[in-house]
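# Topology and contacts: notes
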Amino acid sequence: MRQSIKQATRIKFGFFVPALLCLAATLAPAQSPRAAASPAPQTVATSSPRTLYRINFALDFDARAFTATERVRWVNDDNRPASVVYFHLYANLRSNANGNHDATRPAPAAKEETAAAAADEPRIEIKSVRHAGTQTPLAHALDEQATLLRVNLREPVAPGAATDIEIAFTGSVPEIDPDETSLPSHVIQQLGAALRDTREMRRARDTNFRARGVMVLGAAYPVVAVHDGDEWQREVRPTVGDTLHTEVADYEVTIDAPADVALFTSAEAGRAGAAGGGVAAGGANTGARTFAGENLRNFAILAGRGLQSGERSVGGVRVRSIWTAEHEKIGRRVLDTAAEAVRVFTARYGALPVASVSVAEAPLVAGLGSAEFANLGVIASAFYVDFDSPGVRNLPELVREQRQSVEDSLEFATAHMLAHQWWGMLVGNSPERAPVLDEALAHWSALVYYREAHGVTRAQAARDDQLRGVYEIYRTFGGEDMPALRPARDFRNSFQYAAIVSAKGALMYDALVKLLGEERVFTALRRYAEANRYEIAEVDDLRGAFVAEAPVTARRAVTRTFDRWLSERHGDEDVAPPNPQLAAALGLTPEITGANNRNAFSRLGRFFWRQMTRIR
């Protein structure tokens, strides 16, 4: 049934946009939701297949808090009437001290939480839920962790019809200690994950926080849960991977914030704001800025005083780099990479149907090197290092010696983040059930960028360092080879996730190139992107695209290649076995094997530290 809905969506999409625009114009202004002259019906027929969010934020940047009203027009794309709608409150997702989430155990009551613990996590509180037209209260309930909001509708919504829900809520984000965001902290965290095999879980504060004068709101509003056929995807579990799992939707967002606070978001800036986000004109203490976008997988906000940006046009898409004042040199270098990456990926995968894409720096905590959102990729500020500046002397010597590694890692991460706009945003997938779908493709796409931007030799070096080398280090430290096609919860930490999902999973595409040839591989990926545009793809969709492109005699080999690389354990044979010399040099074995060659061990040591300064 889901497949039939997907096909219908693709066929009719060209007729939906005008209808949606007309529909949006008839809605009451979100700034004054109670001003409707007459009650709206509970449900209305609609030709649009997409949810529409109209959100008003009042952002108190200095207090790290906001109040908001969200109007959601939800369309029932099932073939049965619906009486309930579910929303995820991702900012409220918590994990216990061991990194394990127990969905059956209540979170501690607010009175039992210490003030320090409460202040260290973001929070969304629901104030009211109403029907947007009639302002009639709607019965609603939160689960015990306050991560899932259930809204009971007053009457069922027929298939293909829509209902309008208004949610009033408040929120707050923590202030992150700057020491948690430094480059040494990132390196130490990765070293600990490698040596101790520590368990890691993404926390809500990782992408909802303020630090070093920059605020990130990665999921600061109630998000309609994925409605897959007649099933709501209600469960969200913290893992080492991404947590946001959403359908595409249209957004109209107003943000009232201090006028000296620059705003950049997943959508295009409208009136009272600089093009593509930025500081509002004029000298008022506050300024409301509007943003609008269609077919967005989510809506993220980046805010801060002193944020700067540069941009250039690539094939009709505005490519933007956003940086803090002290990192202009690196920010402009990222812009060069981002523009070239969009050019390469557009030629290989097809045009990205958006007006702009951005790559921004933000002070992400150690353990999270980057985060992807719709039209906006964020990379940890820790890796925006100008090795020619006087301040670099404050870094440990071991890090200063890794200049080439840090700079290469930033370039690779930039290309990786842009590739996610195709794999993860344009073509969606479940980041919990099958993270290999977007992560491996984005990683391999960064290699495609390296080859076309820098040539075969640099691409091979990037392959050896960013993919093969990561797996080799992981196995040398005793990490177990495992299938890449596994749920995100099965991976213990970012080190294991990078080695198995991102690295080994990406190298499958090299095997497919050897089997089918480069042109057939890129044709299969273009068709996969087109067939699953704005949808949530499964592994069978990706495999099917390659089988369809393969000659009849090679189709079984394609299936075997997918099985070998994604479902079986051949990493030591196909990628790299553990490195006994490196293990001995690092004291991981009781005796040094082979000749005691100090120069060889020195080279192995540099190889090790290159891996510890990678962006993961």
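### So, the sheet that holds strand β23 (residues 376-380)
- Strand order in the open sheet formed by 5 strands is β19-β20-β21-β23-β22, with mixed pairing between adjacent strands. The sheet is open, and its two borders are formed by β19 (308-314) and β22 (370-373), each paired with just one other strand. Between one strand axis and the next, the sheet turns through 15° on average, direction left out of account.
- Inspection of the sheet shows β22 paired to β23 by 4 bridges, in the antiparallel sense. Pairing of phenylalanine 373 across the sheet is with leucine 376, part of β23.
- Its contacts with the sheet put helix α4 (residues 328-349) on β19, β20 (317-323) and β21 (356-362), and the angle it makes with β20 is roughly 155°.

### What to know about the confidence of the model for the protein
- On average, residues of the protein carry a pLDDT of 86, and 83% of them reach 70 or more.
- For residues 271-285, every residue scores under 50 in pLDDT, and the model assigns this stretch 36 contacts once sequence neighbours within four places are set aside.
- Note that pLDDT drops below 50 for residues 590-598; the model gives that stretch 7 contacts with residues more than four away or on any other chain.

### Some details on the nonpolar core
- In terms of nonpolar packing, the biggest core is built from 125 residues, with Trp423, Trp444, Tyr509, Leu525 and Phe546 touching the most fellow members.
- Looking at this core element by element, the count peaks at 13 residues for helix α9 (residues 494-516).

### Observations regarding helix α6 (residues 403-419)
- Here α6 is 17 residues long and its end C-alpha atoms lie 25 Å apart, about the 24 Å a rise of 1.5 Å per residue gives.
- With respect to burial, α6 is a largely interior element, 14 of its 17 residues being buried.

### Here we look at the pairing of β23
- With 5 of its 5 residues buried, β23 lies for the most part within the structure.
- Burial of β23 is two-sided: the residues Leu376, Val378 and Ala380 facing one way and the residues Gly377 and Ile379 facing the other way are all buried.
- Of the strand pairs in this sheet, β21 and β23 are connected by 5 bridges, and their pairing is parallel. The residue bridging alanine 360 from the neighbouring strand is valine 378, located in β23.
- Linking two consecutive strands that pair antiparallel, namely β22 and β23, is a turn of 2 residues; a positive phi of about 60° is found at asparagine 375 within it.

### A few points about the packing of α4 against helix α10 (residues 518-531)
- At their nearest, the axes of α4 and α10 sit 8 Å apart, and the two run at 90° to each other. One finds that α4 runs roughly perpendicular with respect to α10. Of the residues in α10, those in contact with Ala347, Arg348 and Tyr349 of α4 are Glu518, Glu519, Phe522, Leu525, Arg526 and Ala529.
- A breakdown of the residues in the contact of α4 with α10 according to their chemical character gives 5 nonpolar, no polar and 4 charged.

About the thresholds
Residues numbered from 1 in each chain as written. Predicted model: local features only at pLDDT ≥ 70, side-chain atom pairs only at ≥ 80, totals over all residues. Heavy atoms only, no water. Pairing = 2+ DSSP bridges. Helix = DSSP H or I, 4+ residues; strand = E, 2+ residues; numbered from the N terminus. Axes fitted to C-alpha atoms, helices over the stretch in contact; angles between N-to-C directions. Contact = heavy atoms within 4.5 Å. pLDDT = per-residue confidence, 0-100. Core = buried A, V, L, I, M, F, W, Y, C linked by side-chain atoms within 4.5 Å. Buried < 20%, exposed > 50% of the residue type's maximum accessible area, 1.4 Å probe, protein only. Expected span 1.5 Å × (residues − 1). Parallel < 35°, antiparallel > 145°, perpendicular 65-115°, else oblique. Nonpolar A, V, L, I, M, F, W, Y, C, P; charged D, E, K, R; others polar.

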